[in-house]
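Summary of the model geometry
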Amino acid sequence: MLYRMIDLCAGIGGIRRGFELAGCFENVLSAEIDKYACMTYEHLYGDNPKNDITTENFKKKVENIEYDILLAGFPCQAFSRAGKQLGFHDKTRGTLFFDIADIIKRTRPKAFMLENVDNLITHNKGETFDTIIRTLVQELNYKVIGVEQGNGKIKYVARNFVRNSRNFGVPQNRPRVYIMGFDRAYWGNEVDNLSNTLPEKREKSIYNDLNDLLEMNAEPEFFLASGYVDTLEKHKARHESKGNGFGYKIVNLPNIEIPVSNALLATGGSGKERNLVIDKREGIAGLQLPRRKTPLNDRGIRVMTPREWGKLQGFINYAFIDKNGNDIFSFPNGVGKAQQYKQFGNAVTIPAVEEMAKFMRESLKQLEEHRNDRK
């Protein structure tokens with residue numbers, strides 16, 4: 001059985017690729033508004049995803065295609081504090097979740113999966129997440145994995161929706177929220193017989209630890225200037241004196257038994273500084289590079305490369321290996337290193353999404369078999 005999917009808030013297509021790897025999902029429509037992400041997406045998949053999910057034009061487009069599965073890695077925005085008497089519709093208006101919910105309401109996909117940062121569950125003291133769950137379950141009538149229903153009430157534990165990339169084959173501490181639902185109106189009460197827990201890990205790791213992934217002897221441009229290292233150390237010492245744990249981190253120090261990276265960030269900046277590595281390459285210490293005020297540091301401290309970020313997210317060395325064993329992932333011309341960091345930092349971890357896709361595949365198989373038995 002082949003299921004057609006739409007890929008909303010698509011970024012560079014990590015959710016799409018995770019589902020494609022599960023073997024029974026085919027993409028038929030994508031939506032992304034970031035210029036550079038669209039360039040990379042089209043380069044990887046041959047589809048131009050330039051669409052805006054907030055527009056009536058795009059929503060009509062979705063209404064006029066046949067599809068089964070809705071996927072979205074939507075950003076977390078502030079929800080309104082509208083009184084409960086106004087309902088979920090008014091509380092979510094003005095957010096991208098509202099537009100996704102509107103598309104679900106209009107087109108009734110058989111299933112969906114939404115992905116977001118783990119802060120979603122605590123945003124606005126949990127009200128934002130509760131509004132999302134209640135909209136999906138009570139207003140749109142979907143069975144959401146992790147939610148129990150009965151007597152018109154719903155019950156869930158918010159932290160049970162969080163999964164960490166480090167448990168899915170890559171050495172990155174990256175907790176994310178996954179929300180998966182199945183259309184109760186289409187499948188009937190068989191949805192209540194599905195497993196109510198999303199996958200918590202991947203059986204086989206891709207890397208033993210961070211050292212297994214790092215590519216040593218990096219180019220000089222990735223090493224920090226000595227003056228910048230001094231600035232980072234002063235900043236960290238200042239915070240430590242106040243009892244805070246802020247500041248730079250070197251993530252592959254020899255005393256770390258199982259090194260993992262901290263979460264990669266779309267902003268690049270602090271995401272890089274929290275993921276510094278020691279790379280003892282000869283000829284680096286004291287090297288003076290153009291546009292650097294001070295020479296390169298003598299401790300071998302550098303930022304990770306975009307390639308290493310790509311490995312941590314499963315794009316490089318995993319998700320785009322062709323049948324001959326060649327890694328065919330690449331960026332198009334015009335997408336520079338700053339954008340590469342941003343795109344990987346904004347992306348999902350593909351191996352984690354792949355496990356979610358396999359769970360959905362098996363759930364749909366169970367639902368299809370029950371549906372056929374009833375005929």
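Right above here is the structure, for reference.
Reading the values: the criteria
Residues numbered from 1 in each chain as written. Predicted model: local features only at pLDDT ≥ 70, side-chain atom pairs only at ≥ 80, totals over all residues. Heavy atoms only, no water. Disulfide = S-S within 2.5 Å. Buried < 20%, exposed > 50% of the residue type's maximum accessible area, 1.4 Å probe, protein only. Phe/Tyr/Trp six-rings, centres within 6.5 Å; stacked < 30°, edge-to-face > 60°. Helix = DSSP H or I, 4+ residues; strand = E, 2+ residues; numbered from the N terminus. Lys NZ or Arg CZ within 6 Å of the ring centre and 35° of its normal. Expected span 1.5 Å × (residues − 1). Arc of directions from axis to C-beta. Pairing = 2+ DSSP bridges. Right-handed = clockwise from strand over helix to strand, strands pointing away.

1. Considerations on the state of the cysteines
- This model, assessed by the stated rule, comprises 0 disulfides.
- Cysteine C38 shares no disulfide, and the gap to the nearest cysteine sulfur, in C9, comes to 12 Å.
- Looking at C38, the relative accessible area reads 6%, which means it is buried.

2. Observations regarding the packing of aromatic side chains
- Under the definition given, this model contains 18 aromatic pairs.
- Between the aromatic rings of Y45 and F320, the centroid separation amounts to 6.2 Å while the plane-to-plane angle is 55 degrees, which identifies the pairing as tilted. A residue pair is termed long-range when its members are at least 10 positions apart, and Y45 in helix α2 (residues 35-45) and F320 in the loop between α11 (315-319) and α12 (337-346) qualify at 275 residues. This pair shows no difference in class: Y45 is buried, exactly as F320 is.
- Counting every residue linked through ring pairs, the aromatic cluster contains Y41, Y45, F315, F320, F329, F331 and F344.
- The ring of F320 is capped by R17, whose NZ or CZ atom sits 5.0 Å from the centre of that ring.
- Residue placement shows R371 over the ring face of Y186; its charged tip is 3.9 Å from the ring centre.

3. A short note on unusual backbone geometry
- The backbone of C9 shows a phi angle near 50 degrees, a positive value even though the residue is not glycine.
- Tracing the backbone through its elements, the reader meets C9 in the loop between β1 (3-8) and α1 (14-21).
- The backbone phi angle of R108 is positive, close to 45 degrees, even though this residue is not glycine.
- As for its position among the elements, R108 is in the loop between α5 (96-107) and β4 (111-117).

4. Quick look at helix α8 (residues 226-241)
- Taking 1.5 Å of rise per residue, the 16 residues of α8 would be expected to cover 22 Å, and the 23 Å separating its terminal C-alpha atoms lies within 8% of that figure.
- Buried within α8 are the following residues: V229, L232 and H239. Buried residues of α8 fall within an arc of 90 degrees about the axis and therefore sit on the same side. Along α8, the residues that are exposed and aim more than 90 degrees away from the buried face are K234 and S241.
- Following α8 by one or two positions, G243 adopts a phi angle in the positive range, close to 85 degrees.

5. As for the pairing of β1
- For β1, the buried fraction is high: 5 of the 6 residues fall into the buried class.
- Sheet topology note: the β1/strand β2 (residues 25-30) ladder contains 5 bridges and is parallel. Bridge pairing in β2 links M5 to N27.
- Following the chain from β1 across α1 to the adjacent parallel β2, one finds a crossover that is right-handed.
- Strand direction decides the pairing type here: β1 and strand β3 (residues 69-72), joined by 4 bridges, are parallel.

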